[in-house]
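One-letter residues, chain by chain:
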Amino acid sequence: MNNRLRKITIVGGGTAGWMTALILDMVFSRTSAPKDRPRICLIESPNIATVGVGEATVPRMPVTLRQAGISERDFFRETNASFKLGVKFCNWNKDAKGNRIDYVNPFAHGQLLEGLEAAEYFLRFGNGDRDFTQSISPHDDLARLCKGGRPLGQPEFEQRFGYAYHLDAVKFAGMLTKVCTKRGVEHIQDEVQAVELDEQGNVSHLMLARKGRHDIEMVIDCTGFRGLIINKALGEPFMDYSDYLPNDRAMALQIEHPDPEKIESVTRSTALGAGWTWRVPLYNRVGTGYVYSSAHRTDDQAADEYLEWLGDSGKGLTPRVIPMRIGRVRNAWVKNCLAIGLSGGFIEPLESTAIHMVDHAVRWFAEHLPTRDIEPSLRARYNRQMNKMYDEVLDFICLHYRLGNRTDDQYWIDARTEMKIPDRLAENLELWQHRLPMEHDIEFATLFNFRVYQTVLLGKQVYDTGYGTGIRDRLRPLKKPIWFQWWKGAKVDLAQILKAMPDHKTLLRDI
Ligand code: FAD
């Protein structure tokens, strides 16, 4: 008997819900005839708002839009998007003289020069007053000049070097709603009031406020921090990460561009007293927020600090406070329910990873797509893979705090010394005092491979400020001319790129 899934129900119409619908539809329409595809149905409460933040992405997003057949032009127009070339970390660390360090973690990597890592050459010989990112990629220079992600007139999605987007989260969900419903996703605006389980503990029905009973074969819980089905109905435990990460609250405000002609092409993350602020410049406005620790600041204290940082742009505005549940569910896939997005877990947004994780979660689910009686081995493998992705992100975020060197607030001292770090990261940090991160140090990487770690270590200038003292004496023998010869060529390329790339605002207007 044909035991294929006939229907998948998604509950939740935030970024996670609609991205899930988009990617599932994309995969099904490529792989199967219409009669063999499960129907996709998305239920969204008209009364419960989405979290409304989450506006910075990583380079997976252009790939997904292209694969899903969404034109970049439509996307930019509908979501007021802008280009993002990386994250600029401001004032997270002090240099050897006590001055603030600002560095970009770009969507670009170091490379091999004569078989050895560019990062090794940089560490040994430096590059005048240019930092590591500025030596290996044009991203920092482009961002400083408020230049965009590609030349004018270039075909959509064509990337000479890596970019992602900033987008308006509410408009993005709106755009996906239109695209998905046009492609046949059923959209039900109703509220789930109760979840019914069968004798095996599978979700059998949802009780909707208006439409009544809704049958379930497979349900995807995208209900945000509520975790309506995965936590509340199925009781899957939540693994809290507060021993690792201090920040449990955020506040957000949208402000006007101080100069609408100058749109920076990076997300800024600026360290503040008890956390850090984000600054996400869109075409028409700037999204900002403060991610902080409630153990170190009350909401009022945090608001004062945040508004002071915003200066004139924040005058007369009241920030919206967002409590954050930091951690993940023990298993994202339980019985016939899969949790995707904030219901499955959330690690603070320092590296804009949540939408990227949603993207992977849906694609992996499609690879493991079950029949109506779900094979436990499929579910087990999926859960292991998802948990590894959480580990990947957790390690990388913990790195930023553990290797911070600010002492001006108890928060930064606690974040560095009182917070736990995962054993994997502890082992690597021991090792990297003696050599730079190398290929096999990171066992599972959807985003943060060893070269991204190199960028952060060198960006923070940790080898000049107390960590891994003496590493330069232990580096392999390197030939200085190889590095400077390479840089001579790279400098010419850089000059050409800077000349060829348009002003960001001009490019966005053109799109
Ligand atoms: P939500 O947006 O909360 O949506 C939940 C949906 O469930 C809503 O549609 C609601 O109506 C529905 N719902 C709830 N209960 C019911 C019910 N009973 N019946 C029917 N429907 C129901 N991610 C990034 O990738 N980059 C970032 O820069 C970034 N920054 C962030 C900053 C902060 C402060 C926070 C908190 C998150 C950030 N994220 C970021 C994460 C990102 O916002 C989320 O991953 C993304 O928005 C997905 O949210 P969601 O769809 O899971 O949940």
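Thresholds, definitions, all that
- Residues numbered from 1 in each chain as written.
- Predicted model: local features only at pLDDT ≥ 70, side-chain atom pairs only at ≥ 80, totals over all residues.
- Heavy atoms only, no water.
- Helix = DSSP H or I, 4+ residues; strand = E, 2+ residues; numbered from the N terminus.
- Rg over C-alpha atoms; globule rule 2.2 N^0.38 Å.
- Buried < 20%, exposed > 50% of the residue type's maximum accessible area, 1.4 Å probe, protein only.
- Domains from an automatic or database assignment.
- Contact = heavy atoms within 4.5 Å.
- Buried area = accessible area lost by both parts, 1.4 Å probe.
- Salt bridge = Lys/Arg side-chain N within 4 Å of Asp/Glu carboxyl O.
- Nonpolar A, V, L, I, M, F, W, Y, C, P; charged D, E, K, R; others polar.
- Polar contact = N/O pair within 3.5 Å; in protein donor to acceptor, adjacent residues only side chain to side chain.
- Near = heavy atom within 4 Å.
- Areas by Shrake-Rupley, 256 points an atom, 1.4 Å probe, with all protein chains shown as cover.
- Pairing = 2+ DSSP bridges.
- Right-handed = clockwise from strand over helix to strand, strands pointing away.

### Points about the overall build of the protein
(1) Moving on: For the protein, the count of helices and strands is 17 helices and 23 strands.
(2) Moving on: In terms of overall size, the protein behaves like a compact globule, its C-alpha atoms giving a radius of gyration of 23 Å where 511 residues would be expected to give roughly 24 Å.
(3) Moving on: Reported as C-alpha extents along the three principal axes, the dimensions of the protein are approximately 70 × 55 × 50 Å.
(4) Moving on: With 511 residues in all, the protein has 59% of them scored as buried.

### Focus: the domain arrangement of the protein
(1) Moving on: Along its sequence, the protein is carved into domain 1 (7-55 + 168-242 + 326-374) and domain 2 (87-148 + 249-323 + 400-511).
(2) Moving on: One C-alpha centre belongs to domain 1, the other to domain 2; they are set 33 Å apart.
(3) Moving on: Every contact between the two is made by 15 residues of domain 1 and, on the other side, 23 residues of domain 2.
(4) Moving on: Both faces combined, the contact of domain 1 with domain 2 buries some 1500 Å², and carbon together with sulfur accounts for 62% of it.
(5) Moving on: When the buried surface of domain 1 facing domain 2 is broken down by residue, E55, L350 and E351 rank first, second and third, together holding 39% of it.
(6) Moving on: Scanning the region where domain 1 abuts domain 2 turns up 2 salt bridges.
(7) Moving on: A salt bridge links D168 to R285; its shortest N-O distance comes to 3.2 Å.
(8) Moving on: When the residues that make up the side of domain 1 that touches domain 2 are grouped by side-chain class, the tally is 6 nonpolar, 5 polar and 4 charged.

### A look at helix α14 (residues 450-459)
Count 3.6 residues to each turn of an α-helix, and residues three or four apart come out pointing the same way.
(1) Moving on: Of all 10 residues in α14, 10 are buried, a share of seventy percent or more.
(2) Moving on: Within α14 the residues assigned to the buried category are F450, R451, V452, Y453, Q454, T455, V456, L457, L458 and G459.
(3) Moving on: The residue sitting at the N-terminus of α14 and contributing the capping side-chain oxygen is N449; that oxygen lies 2.9 Å from the backbone nitrogen of R451.
(4) Moving on: Positive backbone phi, at 55°, marks Q461, one or two positions downstream of α14.

### Some remarks on the site of the ligand
(1) Moving on: Near the ligand lie 32 residues; those nearest to it are G13, I48, A56, V192 and I355.
(2) Moving on: One of the backbone N or O atoms of V53 is found 2.9 Å from an oxygen atom in the ligand.
(3) Moving on: Here an oxygen atom of the ligand and a backbone polar atom of L342 are 2.9 Å apart.
(4) Moving on: Across the complex, the protein chains shield 96% of the 1000 Å² of accessible surface that the ligand would expose by itself.
(5) Moving on: Every element with two or more residues in the shell around the ligand is listed here: α1 (15-31) and α10 (354-367).
(6) Moving on: Its residues assigned to classes, the shell around the ligand shows 16 nonpolar, 11 polar and 5 charged.

### Quick notes on the pairing of strand β15 (residues 249-255)
Consecutive residues of a regular strand have side chains that alternate between opposite faces of the sheet.
(1) Moving on: Taking burial as the measure, the 7 residues of β15 include 5 buried ones, the bulk of the element.
(2) Moving on: Two elements, β15 and strand β18 (residues 286-292), share 7 bridges in a ladder whose sense is antiparallel. By the bridge assignment for β18, Q254 is matched with G287.
(3) Moving on: The sheet contact formed by β15 and strand β19 (residues 320-323) spans 4 bridges and is antiparallel. Residue pairing in the sheet places R249 in a bridge with P323 of β19.

### Examining the pairing of strand β2 (residues 39-44)
(1) Moving on: Burial within β2 is extensive, with 5 of its 6 residues counted as buried.
(2) Moving on: Summarising the sheet, strand β1 (residues 7-11) and β2 pair through 5 bridges and their orientation is parallel. Note on β2: the bridge partner recorded for K7 is R39.
(3) Moving on: Taken together, β1, α1 and β2 constitute a β-α-β crossover, and its handedness is right-handed.

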